[in-house]
Amino acid sequence: MKLEFPILQIVDENGNLVNENYRKAITEELVKKFYYHMIRIRTFDRKAISLQRQGRLGTYAPFEGQEASQVGSALALEKDDWLFPTYRDHGAALTFGAGMSRIFLYWNGRLEGCVPEKGKKIFPPAVPIATQIPHAAGAALAEKRKGTKNAAIAYFGDGATSEGDFHEGLNFASVFKAPVVYFNQNNRFAISVPIEKQMNSETIAQKALAYNMPGFRIDGNDIFAVYFQVLEALKFARHGGGSTLIEAVTWRYGAHTTSDDPTKYRDQSESEVIRETRDPLLRVERYMKSNGIWKEEWVQKITNEIAAEVEQAVKEMENYPKPNVNDLFDHVFEKPTWTISQQKEQYLQLIGREAR
Amino acid sequence: MKLEFPILQIVDENGNLVNENYRKAITEELVKKFYYHMIRIRTFDRKAISLQRQGRLGTYAPFEGQEASQVGSALALEKDDWLFPTYRDHGAALTFGAGMSRIFLYWNGRLEGCVPEKGKKIFPPAVPIATQIPHAAGAALAEKRKGTKNAAIAYFGDGATSEGDFHEGLNFASVFKAPVVYFNQNNRFAISVPIEKQMNSETIAQKALAYNMPGFRIDGNDIFAVYFQVLEALKFARHGGGSTLIEAVTWRYGAHTTSDDPTKYRDQSESEVIRETRDPLLRVERYMKSNGIWKEEWVQKITNEIAAEVEQAVKEMENYPKPNVNDLFDHVFEKPTWTISQQKEQYLQLIGREAR
Amino acid sequence: MMIEKAIVNSTKTNQLTLVQAVTDGLRTMLEEDERVLVLGEDVGKNGGVFRATEGLQKQFGEDRVIDTPLSEAGIVGTSIGLAVNGFKPVVEIQFLGFIYPAYEQIMTHVSRIRMRTMGSFTVPMVIRAPYGAGIRAPEIHSDSVEALFTHMPGIKVVCPSSAYDAKGLLIAAIEDPDPVLFMESMRIYRASREAVPEGKYTVEIGKGKKLQDGNDVTLIAWGAMVSVALRAAEQAKKQGITCDVIDLRTLYPIDKDIITESVQKTGRAVIVHEAHQTGGLGNDIISIINDTSFLYLKSPIERVTGFDVPVPFFSLEEQYLPTPERVMKAIEKVVHF
Amino acid sequence: MMIEKAIVNSTKTNQLTLVQAVTDGLRTMLEEDERVLVLGEDVGKNGGVFRATEGLQKQFGEDRVIDTPLSEAGIVGTSIGLAVNGFKPVVEIQFLGFIYPAYEQIMTHVSRIRMRTMGSFTVPMVIRAPYGAGIRAPEIHSDSVEALFTHMPGIKVVCPSSAYDAKGLLIAAIEDPDPVLFMESMRIYRASREAVPEGKYTVEIGKGKKLQDGNDVTLIAWGAMVSVALRAAEQAKKQGITCDVIDLRTLYPIDKDIITESVQKTGRAVIVHEAHQTGGLGNDIISIINDTSFLYLKSPIERVTGFDVPVPFFSLEEQYLPTPERVMKAIEKVVHF
Ligand SMILES: Cc1ncc(C[n+]2csc(CCOP(=O)(O)OP(=O)(O)O)c2C)c(N)n1
Ligand SMILES: Cc1ncc(C[n+]2csc(CCOP(=O)(O)OP(=O)(O)O)c2C)c(N)n1
Ligand SMILES: [Mg+2]
Ligand SMILES: [Mg+2]
């Protein structure tokens, strides 16, 4: 165990490689993948906010500023791994293969938004804070018992560390050596509450010590650090090492959700400073430029592709069949109980429809 | 912060002082007080078990083996401090001034058993594990807000550290710098579950690191270590330092409760070995003997006094007025709601008594 | 508006929404009684996610209006310690659907400490929680689970439907020597304004309120469902059916007398609530009527409630919630039995 | 004994207590289906504090019968992960009064995952919990809070009163594709023995059982209260009053038909349960009768229940619990109305 948790970086704010160990592993293809996915989810995020403003989407939780954390971690996963997101991690989910129109549907209050693409082990977003943390332990333990090499990643925020489920989940994961990466995005606010009021500890990584679990603190805006640290933790998990806690220090530029007004509790100019100095996309852009792999045409091409993809997803969402009232009743149990059947029947009768 | 948590001792198994710093503070009076209270609560404990066997008491949770932890910690308190015990800490409560017959009443299923002596801030024992941990934070915070120098002590076991309330309570206490001593008795079993299955961490003390809280690991069978460590933590608390986590490593010799059969899950000969080598009373006896303060007449005298006190408490318990059925109804609210009044009236009528 | 027998210290009133009346009640009591503390997630600088505590931290300081860590069991558990040691914590649970982590603390301590210690320790605590569906909130933000607390001896449950009642009941709850769960319907937080007296006044806990007089059917509702019942009563009037409309206001203990008196007059009852039918308070009310008014009943009592399904994602919440049409259907059913 | 329409694979029976029948059911399913896991505090080496899992770890290994840390939310939360990923966890909560820390996990996940994902993920989990007063246990060990779960859409609630039913219902619960709370009355864990078939058989969830036929009053009970009802029925017989006695067995969904059929015959009903009256299932049953049998009722329905007070320390628990005398009084009341 170690007691100090310095923030690990691989590529610094200016796009310079600061850890030579990774030079070989950082291929052009990888860097482009990073950039592609970050701009993709940022485009999605901005679109979602604008749809919400136009009344075409419900309350939405934006993640702009946290793209490196979400993309880097999700790209480290193998396709059969499990992903346990919160309401803010659809960037990670999208990167891992969630359907884009489904994410829109989710934020439009549609049950269909929680249905994963076929075969994709993406759990519905945890809305009650920290409750997914023991779920990930259980799903990962199940993989271990089945003898696979699959692992799970669980996302959660700085505020989530205060809930009992955080503690109980990490304790279970550590006792049962479950193959999980506990991936914390410390954006330093839980709605309006700054981390200094959330906890007395200086880092979240040090909380790993309570469970004899490896803990790491990384620059969550450095996608290189995120990707390689998560990759390593996953490898450790797949080979019987158990769980790891990773604290990715990051920042959300905007509001907690579209119902939130961040100027009530913080000076938003700080967001602007971070955007200029520590933006995760800008950093990769700088890296690409100084390594000669930045091509305007390529950027233009992917920007266009992504714009089209997002537009297409919006269209799919908006053309999606209207909510079906049967869905209010039909998924509570495999076979509805008589109370549900009776209530459904009476209701459909009232609104003038036949029970199917 | 430190990462290593060696077990601190002041007096070793053989009764030898191993930390010279405390030589002056250890007066004859103090040592005799230690011994007196430990033999007193051990006498109580054995009596309770025998009463239970005779059907004169309900299920009982014995603490024999943990006397140093309970007495040492309770003697460090000032009279206006708060004590938050579990179902196993009536040894501490007795030492702090709880009425002995009330403790018997508690184990006889009597509400009266939770009523503290006038002015004594002893909370009812926490039966749902770990729930008292945030209570202590709140009560201590209230003292701080009132501007007193009073502190609180919260007792809990090794198993309790797995509950969410442990984590949430320590986090609150650390964020609000509440004057609390979190006093863990690690007797290495939670009913049948050994600590290795309870947690992956080697110590409980290290869990303090998650909250940037001072953590200490002490020999819980060394009353000198317990007393002085708790005293110091209380001083720290009274002077604005906030909370401390102390892990006192100890052992219960007997069953979890009188309904439990420890031979189902452990070799009880281990208890016998510990009793011979590490018994908390024996250690003080050895210390007293080698320091020339052990007097057979004194021991005989206090043994007799205590026996009489315990007999008297049994008598009080057994002569206590029979349970009053009004008490079933009268303490739920300050003024009963109509449902309660109506139910009471009907019931008293049925059993042929007037509502008072 | 009905005339309240409340002690109002001021004749000056302000036109307030329900949520503003809550703020006003909190401010009044923070001023009045220095033992009162406000605790919760985001209640300080942010003024609460619904602005129910807007301006209070600024006025009373960080020591009295306290932003806590994100931990409901911690908030309630710590507040128990504050309450037994002389303070009067008014805690906010951000949404009633997030009260479950604190359920153990409420069930085994908040509600039981008085009885367990025969009154030596008491917990004069108020737990405020916005509840209910109808504002297109994300999932699990819309639960209406009063029944989980009315089945818990040792805590009172209150649910105002108007700004006036909200302030008066909140002050009564804070002054109550016992714990009170104070439910605030998000759907009507800002639905309308009414005259709310300045300063301190109370509305008695345990008393319902007759909002409208009629002869044929008794409608019983609370919170956001009161206006649904009122709208149904209007529709019924067009058919010549007149309704007593009762706003229950307190959910434990239920005002048995107001129900009994009305049902013995009308002989018919329709209960409206947004919680699920099985296990909902509608059943308790039917039992009260069964006990008190059996011989007066002209037809079976009807319940119009949320269905026995989890409160759905918001695209289906209007289908989940009782509507005036559903209530009207039930009125017709009890009248034409 | 009543004849059950159950599929019994073996004709050999053993004389078992209820708790032994539970063990037998667990063993049967651990043998039958390797996805079945048993998890909980002290369920392994110790065989459970009531010995309900006695011998199972030895037989099936530490991988399938798992001692967990002391953390109910952890047990249930982790088991959700196991359940959505192919296993069938049967978790033990040591006493129902200690289920509250897991309440959030059960309320927002166990019961909702199927609906939230339109069936993409399901939670075939059984939560076993000893419940109820009457064994002189320490405080807070004696709660009977079925109503907190019957008001939670998405979970079934079962409560056997006999060894035969215990095994058959437990196996049905484990095979159920949806979560089931399985309540085991401590008071009758070892009260008697009856013939329990070896091997696998099921008792259908959702069906009550008529234990005795009569004409004058319908008695409805479950768990430990069944024998209280039966004893009252005997007393009543001496006065010439004969009772239908129904053991509900499943608390959600309640067997409406068995109640309706009986009450339409007798015209009178007495419901017996040990949970508190307000919010208790008695109210739901009254509503069912109100809905189905209004015109058949000769008198108001009576409830004989635990009082609206926390389950007391054991010196007063016999006063808290329904007794045959209290039930008899209610029978007289409904008959002589
Ligand atoms: C149990 C629970 N309590 C309260 C909330 C309301 N809530 C939603 S998000 C949030 C803050 C979460 O902060 P953090 O964990 O840091 O994640 P972030 O939003 O910053 O990504 C709160 C209090 C909730 N969803 N669940
Ligand atoms: C919430 C809760 N879960 C389970 C129990 C049952 N139980 C009582 S004591 C105990 C073990 C406690 O172990 P530990 O914390 O080490 O304390 P010790 O008994 O060793 O003093 C358990 C599981 C309980 N009382 N409360
Ligand atoms: Mg955050
Ligand atoms: Mg222990």
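Being a predicted model, the structure only gives us computed values, none of them experimental.

Engineer: Where do I start with the coordination of the magnesium ion (ligand 4) in this structure?
Structural biologist: By definition of the ideal shapes, a tetrahedral metal site with four donors has angles of 109.5 degrees and an octahedral site with six donors has angles of 90 or 180 degrees. All names here are of chain B. For the magnesium ion (ligand 4), the full set of protein donor atoms is Asp 158 (OD), Asn 187 (OD1) and Phe 189 (O), at a range of 2.0 to 2.1 Å. Of note, the magnesium ion (ligand 4) draws all its donor residues from one chain, in the sequence arrangement D-x28-N-x1-F. Taken together, the positions of Asp 158 in the loop between β2 (152-157) and α6 (164-175) and Phe 189 in strand β4 (residues 189-190) put the pair 31 residues apart, joining distant regions of the chain. Note on Asp 158: relative accessible area 1%, which makes it buried.

Engineer: So what exactly am I meant to see when it comes to the pairing of strand β13 (residues 269-276) of chain C here?
Structural biologist: Residues and elements named next belong to chain C. Burial analysis of β13 places 8 of its 8 residues in the buried class, the great majority of the element. Sheet analysis places strand β10 (residues 217-221) next to β13, joined by 3 bridges and oriented parallel. Note that in β13 the partner of Thr 218 across the bridge is Ala 269. Relative to strand β14 (residues 302-306), β13 is paired through 5 bridges, and the arrangement is parallel.

Engineer: Sorry if this is basic, but what is going on with the interface of chain A and chain C here?
Structural biologist: How large an interface is tends to be reported as the accessible area lost when its parts come together. Of the residues lining the interface, 39 residues belong to chain A; the matching set on chain C comes to 37 residues. Interface area, chain A with chain C, both sides summed: about 3,200 Å², of which 63% is carbon and sulfur. Linking chain A with chain C are 8 residue pairs in polar contact (both at pLDDT 80 or more). Secondary-structure elements contributing two or more residues to the side of chain A that touches chain C are α4 (100-107), α7 (195-198) and α12 (338-350) of chain A. The element best represented in the side of chain A that touches chain C is α12 of chain A, accounting for 5 residues.

Engineer: So what exactly am I meant to see when it comes to a nonpolar patch on the surface here?
Structural biologist: A surface patch of nonpolar side chains, about 360 Å² in accessible area, is lined by Leu 295 and Tyr 296 of chain C together with Phe 337 of chain D. Positionally, Tyr 296 of chain C belongs in the loop between α10 (281-293) and β14.

Engineer: Can you help me understand the site of ligand 1 in this one?
Structural biologist: Lining the immediate surroundings of ligand 1 are 21 residues, of which Tyr 87, Arg 88, Val 127 and Asp 158 of chain A together with Glu 72 of chain C lie closest. Within the backbone of Phe 189 of chain A, a nitrogen or oxygen atom sits 2.9 Å from an oxygen atom of ligand 1. Glu 72 of chain C places a polar side-chain atom, nitrogen or oxygen, 2.6 Å from a nitrogen atom of ligand 1. Within the complex, 95% of the 580 Å² of free accessible area of ligand 1 lies under protein. Looking at the shell around ligand 1 residue by residue, the classes come out as 10 nonpolar, 5 polar and 6 charged.

Engineer: Looking at this structure, how should I read helix α5 (residues 132-146) of chain A?
Structural biologist: Counted at 1.5 Å a residue, the expected span for α5 of chain A with its 15 residues is 21 Å, and the 21 Å between its end C-alpha atoms agrees. Along α5 of chain A, 12 of the 15 residues are buried, which leaves the element largely enclosed by surrounding structure. By the burial criterion, the buried members of α5 of chain A are Gln 132, Ile 133, Pro 134, His 135, Ala 136, Ala 137, Gly 138, Ala 139, Ala 140, Leu 141, Ala 142 and Glu 143 of chain A. Here the buried face of α5 of chain A lies against β1 (82-84), β2 (152-157), α6 (164-175) and β3 (180-186) of chain A together with α3 (72-84) and α4 (103-110) of chain D. Directly after α5 of chain A, the chain includes Gly 147 of chain A, whose backbone phi takes a positive value near 80°.

Engineer: I'm lost on the nonpolar core in this one. Help?
Structural biologist: A general feature of soluble globular proteins is that nonpolar side chains tend to end up buried together. Ranked by internal contacts, the top residues of the largest apolar core, which has 482 residues, are Phe 104 and Tyr 182 of chain A, Phe 104 and Tyr 182 of chain B, Ile 331 of chain C together with Ile 331 of chain D. Ignoring anything within four residues of it in the chain, the contact list for Phe 104 of chain B reads Phe 44, Lys 47, Ala 48, Leu 51, Leu 57, Val 310, Ala 313, Val 314 and Met 317 of chain B. Membership of the second largest hydrophobic core comes to 8 residues, among which are Leu 3, Phe 5, Ala 205 and Leu 209 of chain B.

Engineer: How should the packing of helix α1 (residues 18-32) of chain D against helix α7 (residues 163-175) of chain D be read in this particular structure?
Structural biologist: Packed helices, taken two at a time, are described by the angle between their axes plus the distance between the axes. Residues and elements named next belong to chain D. Taken N-terminus to C-terminus, the directions of α1 and α7 make an angle of 30°; their axes are 8 Å apart at the nearest point. Note that α1 runs across α7; the crossing there is right-handed. For the pair α1 and α7, contact is made by Leu 18, Ala 21, Val 22, Asp 24, Gly 25, Leu 26, Thr 28 and Met 29 and by Ala 163, Ala 166, Lys 167, Leu 170, Ile 171, Ile 174 and Glu 175, respectively. Residues belonging to the contact of α1 with α7 are distributed by class as follows: 10 nonpolar, 2 polar and 3 charged.

Engineer: Explanation requested: the side chain of Ser 293 of chain D in the structure shown.
Structural biologist: Residue and element names in this part refer to chain D. For Ser 293, the location among the structural elements is in helix α10 (residues 281-293). With relative accessibility at 0%, the residue Ser 293 sits in the buried group. Among the polar contacts made by the side chain of Ser 293, one reaches the side chain of Gln 264 at a distance of 3.4 Å. Aside from chain neighbours lying at most four places away, what touches Ser 293 is Thr 260, Val 263 and Gln 264.

Engineer: Just checking my understanding: could you explain the coordination of the magnesium ion (ligand 3) for this structure?
Structural biologist: Residues and elements named next belong to chain A. All of the protein donors around the magnesium ion (ligand 3) are Asp 158 (OD), Asn 187 (OD1) and Phe 189 (O); their distances to the metal are 2.0 to 2.1 Å. Site description for the magnesium ion (ligand 3): donor spacing in sequence, D-x28-N-x1-F. Of the two residues, Asp 158 is situated in the loop between β2 and α6 and Asn 187 in the loop between β3 and β4 (189-190); the sequence distance between them amounts to 29 residues.

Engineer: How should I be thinking about unusual backbone geometry in this particular structure?
Structural biologist: Peptide bonds are trans in most cases, and residues, glycine excluded, mostly fall at negative phi. Of note, the amide linkage connecting Tyr 252 of chain C to Pro 253 of chain C takes the cis form, showing an omega dihedral of -5°. Its location among the elements puts Pro 253 of chain C in the loop between β12 (250-252) and α9 (256-266). With a phi angle near 65°, Ile 140 of chain C is a residue other than glycine that sits in the positive phi range. Among the secondary structure elements, Ile 140 of chain C is positioned in the loop between β5 (126-131) and α6 (147-150). In the Ramachandran plot, Arg 136 of chain D falls in the positive-phi region, its phi being about 55° despite a non-glycine side chain. Tracing the sequence through the fold places Arg 136 of chain D in the loop between β5 (126-131) and α6 (147-150). Take Arg 136 of chain D: its relative accessible area is 44%, and that puts it in the partly exposed class.

Engineer: Can you walk me through the site of ligand 2 in this structure?
Structural biologist: Every one of the 21 residues lining ligand 2 counts as a neighbour, but Tyr 87, Arg 88, Val 127 and Asp 158 of chain B together with Glu 72 of chain D are closest to it. The environment of ligand 2 is shared, with nearby residues belonging to chains B, C and D. The contact in question runs from an oxygen atom of ligand 2 to an N or O atom on the side chain of Asn 187 of chain B, over 2.9 Å. Protein burial of ligand 2: of its 580 Å² of free accessible surface, 96% is covered by the chains. Class assignment for the residues of the shell around ligand 2 results in 10 nonpolar, 5 polar and 6 charged.

Engineer: Would you mind showing me how to read the interface of chain D and chain C here?
Structural biologist: In this assembly, 47 residues from chain D lie in contact with 47 residues from chain C. Here chain D meets chain C over a buried area of about 4,300 Å², counting both sides, of which 65% is carbon and sulfur. Of all residues in chain D, Arg 112, His 151 and Phe 294 of chain D bury the most surface against chain C, accounting for 16% of the area lost on that side. Run the count over chain D and chain C and you get 6 salt bridges. A salt bridge links Arg 116 of chain C to Glu 139 of chain D, with the shortest nitrogen-to-oxygen separation between them at 2.7 Å. Where chain D meets chain C, there are 20 residue pairs in polar contact (both at pLDDT 80 or more). Of the residues forming the side of chain D that touches chain C, the biggest block, 6 residues, is contributed by α10 of chain D. Its residues assigned to classes, the side of chain D that touches chain C comprises 23 nonpolar, 14 polar and 10 charged.

Engineer: I would appreciate a short explanation of the confidence of the model for chain C in the present structure.
Structural biologist: As a general rule, the predicted coordinates of low-pLDDT regions are not to be interpreted in detail. For chain C, per-residue confidence averages 96 on the pLDDT scale, and 97% of positions sit at 70 or higher. Interface confidence for the predicted complex, expressed as ipTM, amounts to 0.98; the pTM equals 0.98.

Engineer: Even after reading the chapter, I still don't get the domain arrangement of chain A, so can you show me in this structure?
Structural biologist: Residue and element names in this part refer to chain A. On domain assignment, one finds that chain A holds domain 1 (7-323) and domain 2 (324-356). Inter-centroid distance (C-alpha atoms) of domain 1 to domain 2 is 38 Å. Taken together, the contacts link 4 residues of domain 1 with 4 residues of domain 2. Between domain 1 and domain 2, a total of about 220 Å² is buried, with carbon and sulfur atoms accounting for 47% of that surface. For the pair domain 1 and domain 2, the interface holds 0 salt bridges. For the side of domain 1 that touches domain 2, the per-class residue count stands at 2 nonpolar, no polar and 2 charged.

Thresholds, definitions, all that
- Residues numbered from 1 in each chain as written.
- Chains lettered and ligands numbered in written order.
- Predicted model: local features only at pLDDT ≥ 70, side-chain atom pairs only at ≥ 80, totals over all residues.
- Heavy atoms only, no water.
- Donors = N, O, S within 2.8 Å, 3.2 Å for Na, K, Ca; no water.
- Helix = DSSP H or I, 4+ residues; strand = E, 2+ residues; numbered from the N terminus.
- Buried < 20%, exposed > 50% of the residue type's maximum accessible area, 1.4 Å probe, protein only.
- Pairing = 2+ DSSP bridges.
- Contact = heavy atoms within 4.5 Å.
- Buried area = accessible area lost by both parts, 1.4 Å probe.
- Polar contact = N/O pair within 3.5 Å; in protein donor to acceptor, adjacent residues only side chain to side chain.
- Patch = residues over 30% accessible without salt bridge, like charges linked within 9 Å, V, L, I, M, F, W, Y side chains within 5 Å.
- Areas by Shrake-Rupley, 256 points an atom, 1.4 Å probe, with all protein chains shown as cover.
- Salt bridge = Lys/Arg side-chain N within 4 Å of Asp/Glu carboxyl O.
- Near = heavy atom within 4 Å.
- Nonpolar A, V, L, I, M, F, W, Y, C, P; charged D, E, K, R; others polar.
- Expected span 1.5 Å × (residues − 1).
- Core = buried A, V, L, I, M, F, W, Y, C linked by side-chain atoms within 4.5 Å.
- Axes fitted to C-alpha atoms, helices over the stretch in contact; angles between N-to-C directions.
- Left-handed = near helix turned anticlockwise from the far one by under 90°.
- pLDDT = per-residue confidence, 0-100.
- Domains from an automatic or database assignment.

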